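Chains, contacts and geometry: an overview
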Amino acid sequence: MRVFKFGGASVKDADGVKNVVKVLQEVGHEDTLVVISAMGKTTNAMEKVVSAYFKDKQKVLSSIDEVWEYHAAILSELFANDQHAVYQKVRELFDEVKGFLAWNKSPKNAFVYDQVVGYGELVSTTIVSEYLKEQGLPNVWQDVRNLIKTDNSYRDAIVNWENTQERVDKLDTSKLHITQGFLGSDDNNFTTTLGREGSDYTAAILAYCLNADSVTIWKDVPGVLNADPRNFKETQLLHQISYREAIELAFYGASVIHPKTLQPLQRKEIPLHVKSFVKPKDDGTVVGKGADISPKIPCFIVKKNQVLIKLSSLDFSFIVENNISDIFKLFHDHRMKVDLIQNSAISFSVCLDNKFNGLQPMLDKLKRRFKVVCHEDVSLYTIRHFDDNAVKSLQNGRSVLVEQRGKETVQLVVK
């Protein structure tokens with residue numbers, strides 16, 4: 001059994017859907033389960049629907065209609081007959097969204113979010129499944145919410161592995177299955193989501209439960225590169241990465257592989273392939289057992305729009321365990337993600353991700369006890385397997401505020 005995952009970029013338009021057919025025809029589709037994300041930027045569009053529901057209900061229907069029109073254009077390119085059953089199936093899904101928002105009584109944003117946003121995946125897989133049938137690839141459309149069971153931590157649900165395994169065991173693995181990424185359901189059968197970019201994790205969950213031979217993530221890049229081509233000019237393909245190395249890269253912020261994805265695959269030593277949907281026969285990158293990384297070259301990761309805070313004691317007393325525990329509690333309370341720390345006897349520097357806009361109220365509290373210097377809009381560069389030339393390339397023309405080196409990794413906070 002193989003598990004394939006196609007992301008939103010691979011099915012963003014009619015040509016993308018046609019290319020999915022081409023990939024399956026080239027690499028085979030027997031004993032395969034295909035996980036598909038929402039098309040293009042649909043998740044963002046559905047988030048606007050949720051925002052309108054809570055802030056400006058008059059815009060809800062027009063926001064939903066925009067999403068429908070985007071998908072209707074794709075449908076018209078894929079299906080010449082506008083009476084094809086797929087149109088009715090997709091309309092019914094949009095009617096379900098409208099129906100939920102009409103009867104919902106819950107004021108909880110996270111709950112509403114999961115019930116609404118997940119329809120992006122339900123629509124995309126419905127379209128792809130029907131088009132595959134048109135092209136002579138019979139398949140089973142599978143509602144992943146009937147397979148992956150979770151708790152009710154909406155927007156970041158935790159998988160109930162035992163319950164999920166029982167359900168996946170009932171799948172007829174001799175057929176081609178098309179299912180959704182990102183989604184699950186709780187004990188009350190309400191939709192849950194696994195966190196943004198969670199479709200890779202979906203593929204890993206199902207592969208684990210199926211004892212799959214492999215997972216392949218199909219992307220618009222040749223595989224895992226040693227740097228993001230959007231931020232670095234010269235990049236190289238990494239042919240092989242160990243699970244451990246991939247987890248390290250994900251921890252530091254590499255966006256190619258979702259951090260949660262690797263853990264279930266590692267437990268059963270299921271190899272993960274990252275390949276190009278443009279050139280499906282190319283080798284791409286394999287993540288699995290073996291050498292840490294091949295070729296062993298510097299890997300660059302950048303996190304932009306970070307915050308660097310330097311704290312020092314007002315009375316020159318040491319910043320030790322009791323101070324640090326209080327500082328980290330503030331980070332936790334204000335949902336600040338810590339990316340780097342460096343401390344001396346009387347000072348403490350930390351690079352933070354202000355993802356949830358908790359910076360200012362946190363600074364107000366810190367200033368009551370410490371001298372605080374805050375640098376906003378800094379960038380955190382991480383180089384795995386660094387050498388002197390790699391470090392110099394980042395230092396060139398930049399103001400380095402903090403530098404931290406380990407045996408394999410160097411990190412620079414720059415302005």
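Keep in mind that what you see is a predicted model, and the values were worked out from it rather than measured.

1. Quick look at the sheet that holds strand β9 (residues 272–276)
Read across the open sheet, the nine strands follow the order β3-β4-β2-β1-β7-β9-β10-β8-β11; overall the sheet is mixed. Pairing within the sheet leaves two strands with one partner each, and these edge strands are β3 (140–142) and β11 (293–294). Sheet topology note: the strand β8 (residues 240–242)/β11 ladder contains two bridges and is antiparallel. Paired with Gln 240 across the bridge in β11 is Ser 294.

2. Comments concerning the environment of Glu 269
Tracing the sequence through the fold places Glu 269 in the loop between α10 (259–267) and β9. Look at Glu 269 and you get partly exposed, because its relative accessible area is 46%. For the pair Glu 269 and Asn 211, spaced 58 residues apart in sequence, the C-alpha separation works out to 9.7 Å. In this structure Glu 269 touches Tyr 243 and Lys 289, once residues within four positions along its chain are discounted.

3. Looking at the packing of aromatic side chains
By convention here, two paired aromatic rings are described through the distance between centres and the angle between planes. Applying the stated criterion to the full structure yields 15 aromatic pairs. Judged by centre distance (6.0 Å) and plane angle (10°), the ring pair of Phe 6 and Trp 218 falls under stacked. Separated by 212 residues along the polypeptide, Phe 6 in strand β1 (residues 2–6) and Trp 218 in strand β7 (residues 214–219) bring together distant segments of the chain. We classify Phe 6 as buried; its relative accessible area is 0%. Plain terms: the ring middles of Phe 111 and Tyr 154 are 5.2 Å apart, the flat faces sit at 80° to each other, and that makes the pair edge-to-face.

4. Comments concerning the pattern of salt bridges
What the rule picks out here adds up to 16 salt bridges. Here Arg 145 and Asp 143 are joined by a salt bridge, their closest N and O atoms 2.8 Å apart. Accessibility expressed as a relative area gives 14% for Asp 143, which makes it buried. We note a salt bridge from Arg 384 to Glu 245, for which the minimum N-O separation is 2.7 Å. Here Arg 384, found in strand β15 (residues 370–384), pairs with Glu 245, found in helix α9 (residues 243–252); they are 139 residues apart in sequence, far enough to count as distant. Here Arg 384 matches Glu 245 in class, with each residue buried. Each of Lys 89, Glu 130 and Lys 133 takes part in a single network of salt bridges with overlapping partners.

Criteria and cut-off values
- Residues numbered from 1 in each chain as written.
- Predicted model: local features only at pLDDT ≥ 70, side-chain atom pairs only at ≥ 80, totals over all residues.
- Heavy atoms only, no water.
- Pairing = 2+ DSSP bridges.
- Helix = DSSP H or I, 4+ residues; strand = E, 2+ residues; numbered from the N terminus.
- Buried < 20%, exposed > 50% of the residue type's maximum accessible area, 1.4 Å probe, protein only.
- Contact = heavy atoms within 4.5 Å.
- Phe/Tyr/Trp six-rings, centres within 6.5 Å; stacked < 30°, edge-to-face > 60°.
- Salt bridge = Lys/Arg side-chain N within 4 Å of Asp/Glu carboxyl O.

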